Amino acid sequence: MNSIEIRGHVIKSGSKIAVIKEGSKDAILAKAKDYAADPSVEAVEWRIDAYDGVFEIRFEVMPETIAEVREALGDKILMYTFRDKRIGGEHPTTCMYHSRLNNLAINSGAGDLITVEWYDEPDAAQSNVENAHARSEERRVGKECLEWW
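Residues numbered from 1 in each chain as written. Predicted model: local features only at pLDDT ≥ 70, side-chain atom pairs only at ≥ 80, totals over all residues. Heavy atoms only, no water.

A closer look at the confidence of the model for the protein
Confidence in the prediction of the protein, expressed as mean pLDDT, is 80, and 83% of residues score 70 or more. Between the elements of the protein, mean pLDDT differs from a low of 44, seen in helix 5 (residues 143-147), to a high of 96, seen in helix 1 (residues 25-37). Note that residues 140-149 has pLDDT below 50 and, in this model, 20 contacts with residues that lie over four places away or in other chains. (pLDDT = per-residue confidence, 0-100. Helix = DSSP H or I, 4+ residues; strand = E, 2+ residues; numbered from the N terminus. Contact = heavy atoms within 4.5 Å.)

A short note on the sheet that holds strand 4 (residues 41-47)
Within the open sheet, the four strands sit side by side as 3-4-5-6. Their pairing is parallel. Single-partner strands in this sheet number two, and they are strand 3 (16-20) and strand 6 (113-114). Across the sheet, helix 1 lies against strand 3 and strand 4, angled at about 165 degrees from strand 3, the strand it touches most. (Pairing = 2+ DSSP bridges. Axes fitted to C-alpha atoms, helices over the stretch in contact; angles between N-to-C directions.)

Description of the nonpolar core
Ranked by internal contacts, the top residues of the largest apolar core, which has 25 residues, are Trp46, Ile48, Met62, Ile66 and Tyr80. Looking at this core, the elements that each hand over two or more residues are strand 3, helix 1, strand 4, helix 2 (58-72), strand 5 (77-81) and helix 3 (95-108). The contact partners of isoleucine 48, leaving out residues within four places of it in the chain, are Val54, Met62, Tyr80, Thr81 and Phe82. One finds Ile4, Ile6, Ala43 and Leu113 within the second-largest nonpolar core, a separate group that totals seven residues. (Core = buried A, V, L, I, M, F, W, Y, C linked by side-chain atoms within 4.5 Å. Buried < 20%, exposed > 50% of the residue type's maximum accessible area, 1.4 Å probe, protein only.)

Concerning the side chain of aspartate 49
With respect to the helices and strands, the residue aspartate 49 is situated in the loop between strand 4 and helix 2. Side-chain polar atoms of aspartate 49 contact the backbone nitrogen of glutamate 90, separated by 2.9 Å. In contact with aspartate 49, other than residues within four places in its own chain, are Thr81, Phe82, Arg83, Gly89, Glu90 and His91. (Polar contact = N/O pair within 3.5 Å; in protein donor to acceptor, adjacent residues only side chain to side chain.)

Notes on the environment of tyrosine 51
Mapping tyrosine 51 onto the fold places it in the loop between strand 4 and helix 2. According to the relative accessible area criterion, tyrosine 51 is buried, its value standing at 7%. Along the primary structure tyrosine 51 and isoleucine 20 are separated by 31 residues, whereas in three dimensions their C-alpha atoms are 9.5 Å apart.

Brief notes about helix 3
End to end, helix 3 covers 20 Å across 14 residues, agreeing with the expected 20 Å (1.5 Å per residue, within 8%). Of all the positions in helix 3, only Cys95, Tyr97, His98, Ser99, Leu101, Asn102, Asn103, Leu104, Ala105 and Ile106 are classed as buried. (Expected span 1.5 Å × (residues − 1).)

Re helix 1
Between its terminal C-alpha atoms helix 1 stretches 19 Å, which fits the 18 Å expected from 13 residues at 1.5 Å a residue. Turning to helix 1, its buried residues are Ile28, Leu29, Ala32 and Tyr35. Along the axis of helix 1, the buried residues cluster in a sector spanning 125 degrees; they form a single face. Of the exposed residues in helix 1, those oriented more than 90 degrees away from the buried face are Asp26, Lys33, Asp34 and Ala37. (Arc of directions from axis to C-beta.)

As for unusual backbone geometry
Of note in the backbone geometry, arginine 7 takes a positive phi value of approximately 50 degrees without being a glycine. With respect to the element layout, arginine 7 can be found in the loop between strand 1 (3-6) and strand 2 (9-12).

Points about the environment of arginine 83
Along the chain, arginine 83 turns up in the loop between strand 5 and helix 3. We classify arginine 83 as partly exposed; its relative accessible area is 25%. Placed 32 residues apart in sequence, arginine 83 and threonine 115 show a C-alpha to C-alpha distance of 8.5 Å. Side chain to side chain, arginine 83 and glutamate 45 meet in a polar contact 3.4 Å long.

This is the structure:
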C-alpha cells in the first residue's frame, strides 16, 4: 500500500509526519497548535513516552489530555505512540501499563492511529489490536488504517 486515507486526508510516501516529544502539557499543546497551522504537515505523531508526567497522570487525566491534543491539532491526523525504553523510548514500562495507555487512546476515539509495539507480550498487543478494530468498526474507519503501519 503506497498511501492511506484517514478522515479524508491522505498519507503517502513523502508526506510530512511531524513529531511531538515535548515533556510538559503546555509545551505539547503549543506544539500541536503550531503543527495544526502548518499546511505542510499531513499528520502528527505524539510520542506520549516523552511526556514528563506519563506515569503520574494515570488514567484520570489521560483521556482529558488526549482530547486536548486532538482539539489542538484541529483536523490533522493524530498518531498516538508509546515507545518503551527498550525500543528507543524515553521510559521503561510494563506491558500492562503500556496496554492500558493504548486502550485509553483507542477508547477515546481521539487518536487516528495507535502504535502497538509489544514484542514479549503478544497477547497484550493482540488485545490492543482487537480493541482498535472493534472501535474502528464503531467509527467506520477502514481496517486498512489499522494494519498499514
